[in-house]
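# Inside the fold
So the chains spell out like this:
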Amino acid sequence: VPARPRARARTAPSVAGGSNPAANAVLAKAPDSRRQRVLAAMMLALLAAALWWFGGAESRGPRLLGSLGGAPGSTTAAAPATVVGGIGRFARPRAGRPQPLT
């Protein structure tokens, strides 16, 4: 009858260079399952997909900033009939140079 190979005695994993048995016991009892690893990988993939999705979105131009905003829906910049000075509610048609502050 052939002899069976002996099974190795199982030992608790130890930290390299660690001589603290309490730390080794905490590491040995840490829960780790395949389900947790798969869930963590899925969450990481979801985060990467969200960053890719929102990072690839085209940034919109400024709005409501006077001449910088432009009219919504217009693709060509038409020259204004009169010169408009000021921003926002202070935008007024200007006919000449402003009055000096004296």
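What counts and how
Residues numbered from 1 in each chain as written. Predicted model: local features only at pLDDT ≥ 70, side-chain atom pairs only at ≥ 80, totals over all residues. Heavy atoms only, no water. Helix = DSSP H or I, 4+ residues; strand = E, 2+ residues; numbered from the N terminus. Buried < 20%, exposed > 50% of the residue type's maximum accessible area, 1.4 Å probe, protein only. Areas by Shrake-Rupley, 256 points an atom, 1.4 Å probe, with all protein chains shown as cover. Patch = residues over 30% accessible without salt bridge, like charges linked within 9 Å, V, L, I, M, F, W, Y side chains within 5 Å. Salt bridge = Lys/Arg side-chain N within 4 Å of Asp/Glu carboxyl O. pLDDT = per-residue confidence, 0-100. Expected span 1.5 Å × (residues − 1).

### Regarding the overall build of the protein chain
Each helix and strand in the protein chain was counted, giving 2 helices and 2 strands. Going from N to C terminus, the protein chain has its helices and strands arranged as α-α-β-β. Within the protein chain, the proportion of its 102 residues that are buried is 2%. Looking at the protein chain as shown, the accessible area adds up to about 10,600 Å², and 62% of this sits on carbon and sulfur atoms.

### A word on a nonpolar patch on the surface
A cluster of nonpolar residues, Val-38, Leu-39, Met-42, Met-43 and Leu-46, forms a patch on the protein surface that exposes about 520 Å² of accessible area. Among the secondary structure elements, Met-42 is positioned in helix α2 (residues 34-55).

### Section: the confidence of the model for the protein chain
In this model, the protein chain carries a mean pLDDT of 74, and residues with pLDDT of at least 70 account for 54%. Between the elements of the protein chain, mean pLDDT differs from a low of 67, seen in helix α1 (residues 21-29), to a high of 93, seen in α2.

### Some words on α2
Along an α-helix, residues three or four apart share an orientation, since each turn contains 3.6 residues. Taking 1.5 Å as the rise per residue, α2 with 22 residues should run 32 Å; its terminal C-alpha atoms sit 31 Å apart, in good agreement. Burial of α2 is sparse: only 0 of the 22 residues sit out of reach of the surface.

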